[in-house]
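Letter by letter, the chains look like this.
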Amino acid sequence: NDNFDRYFVEATDCDAEHPSWEEHVFVLNWQPDELTTWIDPTFEYDAEGRLVSVTPKAKPQSGGGLPTWKKYERQQTPTWLAVESFMQTCFPENAKADAPFDDGFKIVLNVAIGGYGGAPCTWGQDTCQTTCGGALGSELVLSDISVWELAA
């Protein structure tokens, strides 16, 4: 898949009639050997209200074939494998099987502006100031953050 590093979030053209994006749900499932992310999935709950499944949103026609979810598996993700190799070489006493995800972490949320070829605002181009000027200085508004841990 040529689009392994990209997701489709929303079609936007950055003009004055579209000064803000829609609200979205971003989901991260973190397991010892895999990370899975979704954008705007559907959730299914059991009778007790426990989450039992997450279904990816269908690829929208305007998304250019980009997925709305992605699974990163330890043995298939070069950067994950590189960190594992680095830890075993440089810090063997800390090179646990689930490193670097075995330590506490912080969730950092931000507004990122820019894109890949064909995006209205591409890094290193003046279009980030002209075409997408309304996005610069944007405010990130959060309506909810939820974190769950599976019961042991």
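Small disclaimer: the values here were computed from a predicted structure and weren't measured.

## Re the overall build of the protein
Here is step 1: In terms of regular secondary structure, the protein is built from one helix and five strands.
Here is step 2: Its helices and strands in sequence order give the protein the pattern β-β-β-β-β-α, from N to C terminus.
Here is step 3: Classification of the 152 residues of the protein by burial places 18% in the buried group.
Here is step 4: Considering only contacts in the protein between residues 6 or more positions apart, those separated by 24 or more positions represent 44%.
Here is step 5: Roughly 11600 Å² of accessible area belongs to the protein as shown, and the carbon and sulfur atoms make up 54% of that amount.

## Some details on the pairing of strand β1 (residues 26-31)
Here is step 1: Of the strand pairs in this sheet, β1 and strand β2 (residues 34-39) are connected by six bridges, and their pairing is antiparallel. Bridge pairing in β2 places W30 opposite L35.
Here is step 2: Remark: two residues form the turn of the hairpin made by β1 and β2, two consecutive strands paired antiparallel.

## A short note on the packing of aromatic side chains
Here is step 1: Applying the stated criterion across every chain, the model contains two aromatic pairs.
Here is step 2: On the basis of an interplanar angle of 45° and a centroid distance of 6.4 Å, the ring pair of F43 and Y45 is categorised as tilted.
Here is step 3: Centre to centre, the rings of F86 and F91 are 5.8 Å apart; their planes meet at 65°, and the pair counts as edge-to-face.
Here is step 4: For K70, the ring lying beneath its charged end belongs to Y72, and the centroid distance is 5.5 Å.

## Considering the pattern of salt bridges
Here is step 1: One pass over the structure, following the stated rule, counts five salt bridges.
Here is step 2: For E34, the salt bridge is made with K71, and the minimal N-O distance between the two is 3.6 Å. Remark: K71 occurs in strand β5 (residues 69-73) and E34 occurs in strand β2; sequence separation between them is 37 residues.
Here is step 3: We classify E34 as partly exposed; its relative accessible area is 22%.
Here is step 4: Owing to a relative accessible area of 34%, K71 belongs among the partly exposed residues under this scheme.
Here is step 5: As a salt-bridge pair, R50 and D46 come within 2.9 Å of each other at their nearest N and O atoms.
Here is step 6: Judged by relative accessible area, which is 23%, D46 ranks as partly exposed.

## Considerations on the confidence of the model for the protein
Here is step 1: Of all residues in the protein, 62% have pLDDT values of 70 or greater, and the mean over the chain is 74.
Here is step 2: Ranking the helices and strands of the protein by mean pLDDT puts strand β3 (residues 42-45) first, with 92, and helix α1 (residues 78-90) last, with 82.

## Describing the side chain of T36
Here is step 1: Here T36 shows up in strand β2.
Here is step 2: Overall, the relative accessible area of 3% leaves T36 in the buried class.
Here is step 3: Once you skip the residues sitting within four places of it in the chain, T36 turns out to touch V27, L28, N29, W69, K70 and K71.

About the thresholds
Here the residue numbers are simple positions, counted from 1 along each chain's written sequence. In keeping with the predicted nature of the model, local features appear solely for residues at pLDDT of at least 70, side-chain atom pairs appear and are counted solely at 80 or more, and the whole-chain, interface and lining totals rest on all residues. To get the side-chain values, take all heavy atoms of the structure and skip hydrogens and water. Helix and strand definitions follow DSSP, with helices as H or I runs of at least four residues and strands as E runs of at least two, each counted in order from the N terminus. Burial status follows relative accessibility: with a 1.4 Å probe on protein chains alone, a residue under 20% of its type maximum counts as buried, one over 50% as exposed, and anything between as partly exposed. Any two residues whose heavy atoms approach within 4.5 Å at even a single point are treated as in contact. Surface exposure here means Shrake-Rupley accessible area, sampled with a 1.4 Å probe, where a residue is shielded only by the protein chains that are shown. In short, DSSP must find at least two bridges between two strands for them to pair. Only Phe, Tyr and Trp rings are paired, with Trp represented by its six-membered ring, and only when their centres lie within 6.5 Å; those with planes under 30 degrees apart are stacked, over 60 edge-to-face, the remainder tilted. Our definition puts a charge over a ring when NZ of Lys or CZ of Arg is within 6 Å of the ring centre and also within 35 degrees of the ring normal. Criterion for a salt bridge: a side-chain nitrogen of Lys or Arg within 4 Å of a carboxyl oxygen of Asp or Glu. Residue-level confidence of the predictor, termed pLDDT, takes values from 0 up to 100.

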